[in-house]
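In case you want the letters, here they are:
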Amino acid sequence: MSDPGTGALTDYRALAGAAGGPDEWYDDAGRLRPEQEPVTSAIDALGLPGLLAARAEARRLVDDDGIRYGPAGPDQSNDEPERGRSWLIDPLPVVIGAGEWAGLEAAVRQRARLLQLLHDDLYGPRRLLAERVVPADVVLGHPGFVRAVDGIAHQRLVLTATDLARGAGGDWTVIADKTAAPAGAGYAMANRRVTSRVLGSVHRRASLARLRGFFDTMAQALGAAAPGDVDVPRVALLTPGTGSETSYDQAFLATLLGFPLVEGDDLHVRDGRVWIRSTGRREPVDVVVRRVDAEFCDPLELRGDSQLGLPGLVEATRRGAVRLANPLGSGVLENAGLAPYLPAIARRLLDEDLALPSAPTWWCGDPLGLSHVLAHLDRLVVKPIARGPVVAARFGWELSAAERDDLRREVEARPWAWVGQEPVAMSTAPVVTRAGLAPGRFVLRTFGVARGDDHHVMPGGLGRVNTSADSMLVSNASGALAKDVWVLTDEPSGVRGWAAPDPATQPALVRLQRRTAVAPRVADNLFWVGRYAERAEGVARLLRVADDLAEDHAGRPGTPGADTTDVMVQAAVALTGIQAQPGQGSVDHLRAMVGRPHRVGTVAHATHRLVAAADNVRDQLSQDIWHVLSRLSRTLVAPTAGDAPLRLQLDTVLESLLAVAGVVHESMVRDQTWGFLDGGIRVERAQHTVALLRATLAVERPPVIDGQVTESVLEACESILTHRRRTASGEGPAWPIHSAISLLLVDVGNPRSVAFQVARLGEALRLADDDLLVHRADELGAHLAGLDLVEVCAGDRAGLRTVLGTVEETLRSISTDLTTRHFRRKPTQRVLLGDWARTRG
């Protein structure tokens, strides 16, 4: 009997053979392809249990890194948790040999050159249309052809992507080109990071081409795309925001490149140039890496209802003040209707035969093409020439007779909008399932970047595989799995011909990008990252103290301990706003303040908003923070038994929140971004402490209860040890209430005191370049330093309540003014298209 690994491979080979078409691991004779040997040896060693463990580990790493496909933010109508899903990675890579890759790479580079020349002709002399190499209706009738940018010079396809599948003969065939805003390069690097950890020993032994050099080359190419009169180019990546399906890919790409991630709200056009809106100086932008669809990029000249774009962007491009990567209008090259004409286009523009063929395609705008498609609907893939949100490819053999009749009528009504293609056989690749290895259809997306006169191709790319060899649909939206793609190389370093950094410009470029102005949206989210992290920690600490008291005293009503418990529970109510339900005991009431992310006031809600704010500034934060946030989210959403100790959950939550604080404090440069984030921390902690003191120590109670409440408050504010040490040594005030107020309100040496927060808030505001608010923070600090604690705490402590009220109002005012002065967004864009058209003549 064979071992589990060998059995898994034998079973897979049989399943792949039955699925039909080529396979990435076995050739047509059923022999293992030699380049796959390192991975198959690992399968022999792991067996099915090991493969399932590797799959589980990959999923854990994806969750830890926060890799996601789909929108990040909550549904604003009900504030539910994230709507996207985790990125799905199959742990087994697909390996491509060095010889095969060399040929494929050359073919991809040829295609990138061809697409650039085609773009130049379609938005320039249009000789291909005049000479009828390409029917005019295919181009001019395509929504990707943007007339507003026709004739604009120096439009470079810096980034390209091409989806490939291995056809019946084993050769690669083009399924689609991605030229408008190619997505997925960040996901490809994320796949590599996960797979290299899951299969660490195999990855280290294999001689693989590394991916890092591709992103270095991309950064250089984007800088080189700037207008010619720019000494040190500024580059920014324009994103639709966290509502985009590929928002993780965009943010991670910005991190890899070292460029700021901006939204339309972060930019404005003035004096014909694009600038980052900033709380301080203006920062010009020379190159915009565009991940917003062309029609949404400029509400003045394109789609007037867009809230994603930048008014005046087209005009700035027209003047040559900014370059777009990729240019507006490059989406016309994704047109499936061009496929039948690409061989002739290659001969006309390159004087070469097309190295990478597309699947045989017929454009239905041509009478002969229409006749052929209609006659063979039952065996063709029929799809629109333009990508749309609803209409997708139809597989004729999967349609019923009635559905084919409906499709026929659609095509006959608008024949120019449709093409028919012969299906590509599509190779299979193994997917780890509970039943063993199963074949799924495999698609490879390659990535290219243009630098100078050459094109560089990422070694490998983004692999995707579906979970059923019976289906020809392979897409992220349909639930396809990602696969890392390994390219073998003879280079010892794994670096294959990447462009070396230009020493004359690269250091300056790096320095400049680190000084990029902070946009109001970024400052706002950083501020709330700090506030929500501190809010979750402060409430969790208070609940932990209240829970300890409830466990000890809830069953002994009328005792000082029970009265102290009531005080601390009501303090938690004051800070969270969550009242007890009828018949609800103290512990269950406290438990209700922890979970339920949709309930404002809970620790889970603060954590959920923390994650959302962090996601909006993912490019500003250390990658390590996502490991901690993922663990924290899992802790809060995990179901807990009704009698499980709440203390254990709160301890785990606090461990994660302390780790968040550690990552933030030890990884962020003390610049303006730190000023806004730390400012949020200081405002929140100060307000939390003031609110807690108002709900507890600002009310006079019998001495026994007052003493226990005082100790409980000091414990919740992490100051009990200092209090006890000072009391024992005679350092601090004699009365416990005086000691507590001294430690928590005016002691500038206590990291938990209000005075400490105010001092640090002043430092943060200095980094934020706001001298007026610095002065107000300094005045508040001076006010606290001048307090007479004996007088403040005298009698019924009305003086303490007055002081706390003044401090609370001042903090709220500083926070409000900070928001008004630094976080103000652009007003809603309302464009009168008719008036704009008249002004332009």
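Colleague: I would appreciate a short explanation of the overall build of the chain in the present structure.
Modeller: Helix and strand counts for the chain come out as 29 helices and 21 strands. Relative to the globule expectation of 28 Å for 841 residues, the C-alpha radius of gyration of the chain, 31 Å, shows essentially globular dimensions. Seen through its principal axes, the chain has C-alpha atoms that stretch 95 × 80 × 60 Å. Within the chain, contacts between residues at least 6 apart in sequence are counted, and of these 72% link residues at least 24 apart. Accessible surface computed for the chain: about 33,900 Å², of which carbon and sulfur atoms make up 52%. Of the side chains in the chain, 94 bear a positive and 105 a negative charge, and the two mean positions are spaced by 2 Å.

Colleague: Honestly, the environment of D817 in this entry has me stumped. Any pointers?
Modeller: Topologically, D817 is positioned in helix 28 (residues 798-822). For D817 and L773, which are 44 residues apart along the polypeptide, the C-alpha to C-alpha distance reads 8.1 Å. Residue contacts for D817: discarding those within four places in its chain leaves L773 and R776.

Colleague: Help me out: how do you make sense of the environment of L629 in this one?
Modeller: In this fold, L629 is placed in helix 19 (residues 624-637). Put simply, L629 and H783 are 154 residues apart on the chain and 38 Å apart in space, counted from C-alpha to C-alpha. Each residue touching L629, except ones within four places of it in the same chain, is listed here: L610, V611, A614 and V660.

Colleague: So what exactly am I meant to see when it comes to helix 20 (residues 646-667) here?
Modeller: An α-helical turn contains 3.6 residues, so any two residues separated by three or four positions project in the same direction. Between the first and last C-alpha of helix 20 there are 32 Å, a value that for 22 residues agrees with the 32 Å anticipated at 1.5 Å per step. Along helix 20, the residues that are buried comprise L646, Q649, L650, V653, L654, S656, L657, V660, V663 and V664. If you follow the buried residues of helix 20, they end up packed against helix 15 (520-553), helix 17 (586-592), helix 18 (603-616), helix 19 and helix 21 (672-695).

Colleague: Just checking my understanding: could you explain the sheet that holds strand 15 (residues 394-395) for this structure?
Modeller: In a beta sheet, neighbouring strands are held together by backbone hydrogen bonds and run either parallel or antiparallel to one another. Strand order in the open sheet formed by four strands is 13-16-14-15, with antiparallel pairing between adjacent strands. With one partner strand each, in any of the chains shown, strand 13 (361-363) and strand 15 form the two edges of the open sheet. Examined bridge by bridge, strand 14 (residues 381-384) and strand 16 (residues 418-421) share four bridges and lie antiparallel to one another. Residue pairing in the sheet places P384 in a bridge with W418 of strand 16. Contacting strand 13, strand 14 and strand 16, helix 12 (residues 367-375) runs over the sheet at an angle of about 120 degrees to strand 13. The strands that helix 13 (residues 401-413) touches are strand 14, strand 15 and strand 16; relative to strand 16, the one it contacts most, it runs at about 130 degrees.

Colleague: Before we go on, may I ask you to explain the sheet that holds strand 6 (residues 235-238) in this structure?
Modeller: Across the sheet, four strands lie side by side as 7-6-11-12; this open sheet has parallel pairing. Of all the strands in the sheet, the pair left with one neighbour each is strand 7 (261-262) and strand 12 (323-325). Here strand 11 (residues 287-290) runs beside strand 12; their pairing, made up of three bridges, is parallel. Looking across to strand 12, one finds that V287 is bridged to R323.

Colleague: I tried to follow the side chain of D298 on my own but got confused; where do I start?
Modeller: Relative to the helices and strands, D298 resides in the loop between strand 11 and helix 10 (313-318). Salt bridges are absent for the buried D298, whose nearest opposite-charge side chain, R318, sits at 7.1 Å. At 2.9 Å, the side chain of D298 and the backbone nitrogen of V314 are in polar contact.

Colleague: Mind showing me how you'd approach the nonpolar core here?
Modeller: In a soluble, globular protein the nonpolar side chains are often hidden away together inside. Membership of the largest hydrophobic core comes to 149 residues, with the highest contact counts inside it found for V134, I345, L543, L629, L677, I741 and L745. Considering every element that reaches this core, the biggest residue donor is helix 15, with 16 residues. Excluding residues within four positions of it along the chain, L677 makes contact with L526, F527, V529, G530, L621, V664 and M668. Counting residues in hydrophobic clusters, the runner-up holds 65 residues, among them A16, A185, L208 and A482.

Colleague: Hey, could you run me through the environment of G186 in this one?
Modeller: Along the chain, G186 turns up in helix 6 (residues 185-198). Taking the relative accessible area as the measure of exposure, G186 reaches 0% and is therefore buried. C-alpha of G186 to C-alpha of Y248: the two residues are 62 residues apart in sequence and 8.0 Å apart in space. Other than its neighbours up to four places away in sequence, G186 contacts D249 and F252.

Colleague: How should I be thinking about the side chain of T673 in this particular structure?
Modeller: With respect to the helices and strands, T673 occurs in helix 21. At 2.5 Å, the side chain of T673 forms a polar contact with the side chain of D671. Sequence-distant contacts of T673, that is, excluding residues within four places in its chain, are made with V518, L526, Q620 and M668.

Colleague: Quick question: what am I supposed to make of the pattern of salt bridges here?
Modeller: Oppositely charged side chains may form a pair once their charged atoms are brought near each other. Here the structure, examined in full by the defined rule, presents 55 salt bridges. Between R192 and D484 there is a salt bridge, and its shortest N-O distance comes to 2.8 Å. Linking R192 in helix 6 with D484 in strand 21 (residues 481-487), this pair joins segments that are 292 residues apart in sequence. Both residues of the pair, R192 and D484, count as buried. Of the charged contacts in the structure, one is a salt bridge between R760 and E763, with a shortest N-O distance of 3.7 Å. Highlighted residues: R760 and E763, both in helix 25 (residues 754-767), separated by three residues, approximately one helical turn. Residue classification places E763 among the partly exposed positions, given a relative accessible area of 41%.

Colleague: I would appreciate a short explanation of the pairing of strand 17 (residues 428-433) in the present structure.
Modeller: Walk down a regular strand and you will see the side chains alternate between the two sheet faces. Counting buried positions along strand 17 yields five of six residues, so the element is predominantly enclosed. The pairing of strand 17 with strand 18 (residues 436-451) spans six bridges and is classified as antiparallel. Paired with V431 across the bridge in strand 18 is A438. Where strand 17 folds back on strand 18, the antiparallel hairpin that results is connected by two residues.

Colleague: What exactly am I supposed to notice about the pairing of strand 18 here?
Modeller: Summarising burial for strand 18: 14 of the 16 residues are buried, a large majority. Where strand 4 (residues 159-166) meets strand 18, six bridges bridge the pair, whose relative direction is antiparallel. Considered in strand 18, the bridge of A161 is made with F447. Looking at chain direction, strand 18 and strand 20 (residues 462-465) are connected through four bridges and run antiparallel. The partner of V443 across the bridge, within strand 20, is R464.

Colleague: What am I meant to see in the packing of aromatic side chains here?
Modeller: Evaluated as defined, the whole model comprises 13 aromatic pairs. Taken together, a centroid distance of 6.0 Å and an interplanar angle of 25 degrees make the contact between Y187 and Y248 stacked. With Y187 in helix 6 and Y248 in helix 9 (residues 247-257), this pair connects stretches of sequence that are 61 residues apart. Taking relative accessible area as the criterion, Y248 reaches 1% and is therefore assigned buried. Between F676 and F823, the aromatic rings sit 5.8 Å apart at their centres with planes inclined by 65 degrees, giving edge-to-face as the arrangement. Residue F676 is located in helix 21, and its partner F823 is located in the loop between helix 28 and helix 29 (833-839); the two are separated by 147 residues in the primary sequence. Owing to a relative accessible area of 1%, F676 belongs among the buried residues under this scheme. Members of the aromatic cluster, each reached through a chain of ring pairs, are Y69, W87, Y187, Y248 and F252.

Colleague: When you look at unusual backbone geometry in this model, what are you seeing that I'm missing?
Modeller: Trans is the prevailing form of peptide bonds, just as negative phi is the prevailing case for residues other than glycine. The amide bond that connects A325 to the next residue, N326, takes the cis arrangement and shows omega of 0 degrees. Here N326 shows up in the loop between strand 12 and helix 11 (342-349). Of note in the backbone geometry, R596 takes a positive phi value of approximately 60 degrees without being a glycine. Tracing the backbone through its elements, the reader meets R596 in the loop between helix 17 and helix 18.

Rules and cut-offs
- Each chain has its residues counted from 1, running along the sequence as written.
- Selection of residues for local features in this predicted model requires a pLDDT of at least 70, selection of side-chain atom pairs for listing and counting requires 80 or more, and totals for whole chains, interfaces and linings are taken over all residues.
- Where side-chain values are given, they derive from all heavy atoms of the structure, hydrogens and water being excluded.
- Think of it this way: any DSSP run of H or I at least four residues long counts as a helix, any run of E at least two long counts as a strand, and we number them from the N terminus.
- Two things to know: the radius of gyration comes from C-alpha atoms, and the globule rule equals 2.2 Å times the number of residues to the power 0.38.
- Contacts are residue-level and defined by heavy atoms, with any inter-residue pair within 4.5 Å sufficient.
- All accessibility values rest on the Shrake-Rupley procedure with a 1.4 Å probe; residue burial counts only the protein chains present in the view.
- We count Lys and Arg on the positive side and Asp and Glu on the negative side, and we leave His and both chain ends out.
- Taken as the charge location is NZ of Lys, CZ of Arg, CG of Asp or CD of Glu.
- Helix span is expected to be 1.5 Å times the residue number reduced by one.
- Partly exposed residues are those whose accessible area sits between 20% and 50% of the maximum for their type, while under 20% is buried and over 50% is exposed, using a 1.4 Å probe and protein chains only.
- Only strands joined by at least two bridges in the DSSP assignment are considered to pair.
- To obtain an axis, a line is fitted to C-alpha atoms, over the contacting stretch when the element is a helix, and the angle between two such axes runs from 0 to 180 degrees between their N-to-C directions.
- A pairing counts as a salt bridge when a side-chain nitrogen of Lys or Arg comes within 4 Å of a carboxyl oxygen of Asp or Glu.
- Distance and chemistry together define a polar contact, namely a pair of N or O atoms within 3.5 Å, with one atom able to donate a hydrogen and the other to accept it when in protein, and with adjacent residues in sequence counting only for side-chain atoms on both sides.
- We define the nonpolar core as a collection of buried residues of types Ala, Val, Leu, Ile, Met, Phe, Trp, Tyr and Cys that are connected through side-chain atoms lying within 4.5 Å of one another.
- Put simply, two rings from Phe, Tyr or Trp (the six-membered ring, in Trp's case) pair if the centres are within 6.5 Å, and we call them stacked under 30 degrees between planes, edge-to-face over 60, tilted for the rest.

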